[in-house]
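# Per-entry structural report
One letter stands for each residue in the lines below.
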Amino acid sequence: MRLPPFAYHAPDTLDKALKIKAELGASAPILAGGTDLLVHLKHRLASPAAVISLKNIRTLKGIEVGADSLVLRAGTPLREVAAHEGVIRNFPLLVKAVHSIGAVGIQHFRGTIGGNLCLTPRCLFYNQSLFWRTGKGQCHRTGGKDCLALKGSESCQAICSGDTVPVLAALSAQVTIASAGGMRTAPVAEFFTGKGESPFNMTPEEILTEIRIPLPWGPLSSSYQRLSFRSAVDFPLINAAVAAILDKGKVESFRLVISSAGPAPVILKELESAIKGQKPDPAMLQPVREAAIKAVEGAIIENASASKEYRVKLAAVAAVRAASEALGLENQPS
Amino acid sequence: MKKQLLSMTVNGEEVNLAVTPNTTLLEVLREDLGLTGVKEGCAEGVCGACTVLMDGNPVRSCLTLALEAGGADIVTVEGMATGGNLHPIQQAFIEHGAVQCGFCTPGMILASKALLDRNSDPSEDEIKTALAGNFCRCTGYRKILEAVSAASTGHTEPRRKE
């Protein structure tokens, strides 16, 4: 399968990359590992004038552990993230999430942490070849005015499918976004717009430069759960992450995030205050199950290789498993 | 589309050529350099048949722009044998019948090499994880696992059937 023609820029500093981005905007997407972008180009889901490679920009690679946070530069290969001693020690759920992305040949060296966060939302009617799509008509993302999966939907409901997304949202990570005009930060939870056609709160002139995860302020107890048809080279049907602080037998904080449901991760906020301050108890799992179903029922539509009904049930399973593991309630029926 | 210069090392030899930016590493290796051991299966990063080693790491050559490989050290299956002798992994694939149609074999062998170069005595689970991104549509996985296991240092007795 051939790629469409485009120009190639490989600037050696972020400033130079931002200048090119300021000039070319959306017509010049960022090429980090390319494992998502090149597939899109081959499927003619995008035909950019140019691509901007991050290959030569050293300041966009690497991991630093500071006094209060761990900083992952956006262009850091996934394997380096999963093998980093500071990540393994502080955030075992992130290691598990990275290991479940694609396969070794994708994680190793090519795929990046920024790329996984910026994975374009996926849909059964969108992530297909040009030939396949010509038989179905156009959707919000391919120049049409309707959604092929949900007739009458005002925006694209494609699925945010990054494995690291619920983990980074549960850990209250922040993203740093640069443009020629300066830098800004935003919580990962607010990075997603909820609209598949423009899924990220970034202008076409901006580049994601780093992800900053605050170090846990108490004993972190966490879990990442993913359900998919295959254990490798497959996107999650649903995934969920829990980050809790358990101190002296009490839950000091609790955050559960479900993703791979709709275009944005879903944070189960009402559970946070209900569980905080209590002792872990199997009785907490029923409210988790109910909250998970309530949260995803509005987000999941018929646009994946499994039915909506099945994915809603899976969301409850993933949420209960994640909460059980993080709260030390293993071996509870889910 | 303007061509750009690309310099890289392929199987130990320095290569200089001009390529258009939309050329993949797979296309350069197969079409410009004649290294047809690199296979194009799905062309979208799923099957692993196009796996080559880039600075020792297994990568999908179908999803790697040729220009991204500038300055890199590339190894294809053609670069495995030395002095007319097959690499121990290649030999193990033959001895264990780990080749059926052979289309996935170059990718399997290079993914195995990347594993054994890092971990010379992997467990079966570690081999399965390392090869999880390589599909064999003849489904000859059992023999492939045996071959990789036989090529590892921890293996002493040849596991050949009578």
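Residues numbered from 1 in each chain as written. Chains lettered and ligands numbered in written order. Predicted model: local features only at pLDDT ≥ 70, side-chain atom pairs only at ≥ 80, totals over all residues. Heavy atoms only, no water.

Moving on, we come to the state of the cysteines. Counting across every chain of the model gives zero disulfides over all chains. For A:Cys139, which is in no disulfide, the shortest distance to another cysteine sulfur is to A:Cys156 and amounts to 6.2 Å. (Disulfide = S-S within 2.5 Å.)

Here the focus is the domain arrangement of chain B. All names here are of chain B. On domain assignment, one finds that chain B holds domain 1 (4-79) and domain 2 (88-151). Relative placement of domain 1 and domain 2: their C-alpha centres are 21 Å apart. Where domain 1 abuts domain 2, roughly 1,200 Å² becomes buried across the two surfaces, and 64% of that area is made up of carbon and sulfur atoms. The tally of links from domain 1 across to domain 2 stands at zero salt bridges. Here domain 1 is connected to domain 2 by four residue pairs in polar contact (both at pLDDT 80 or more). Elements supplying a minimum of two residues to the side of domain 1 that touches domain 2: strand 3 (51-54) and strand 4 (57-60). Partitioned by chemical class, the residues of the side of domain 1 that touches domain 2 number eight nonpolar, seven polar and three charged. (Domains from an automatic or database assignment. Buried area = accessible area lost by both parts, 1.4 Å probe. Salt bridge = Lys/Arg side-chain N within 4 Å of Asp/Glu carboxyl O. Polar contact = N/O pair within 3.5 Å; in protein donor to acceptor, adjacent residues only side chain to side chain. Helix = DSSP H or I, 4+ residues; strand = E, 2+ residues; numbered from the N terminus. Nonpolar A, V, L, I, M, F, W, Y, C, P; charged D, E, K, R; others polar.)

What follows concerns the sheet that holds strand 1 (residues 7-9) of chain A. All names here are of chain A. On the basis of which strands lie adjacent, the open sheet formed by three strands has the order 1-3-2 and parallel pairing. The open sheet has two free edges, formed respectively by strand 1 and strand 2 (30-31), since each of these has just one partner strand. As paired strands, strand 1 and strand 3 (residues 50-53) are joined by three bridges and run parallel to one another. For Tyr8, the partnering residue across the bridge sits in strand 3 and is Val51. The sheet contacts of helix 1 (residues 14-24) involve strand 1, strand 2 and strand 3, and relative to strand 3 the element is tilted by about 160 degrees. (Pairing = 2+ DSSP bridges. Contact = heavy atoms within 4.5 Å. Axes fitted to C-alpha atoms, helices over the stretch in contact; angles between N-to-C directions.)

It is worth spelling out the interface of chain A and chain B at this point. How big an interface is tends to be stated in terms of accessible area lost as the parts join. Each partner contributes residues to the interface: chain A has 30 residues there, and chain B has 31 residues. Where chain A meets chain B, there are three salt bridges. Ionic pairing is found between A:Arg110 and B:Glu68, a salt bridge with its closest N-O pair at 3.5 Å. Inspection of the region where chain A meets chain B yields twelve residue pairs in polar contact (both at pLDDT 80 or more).

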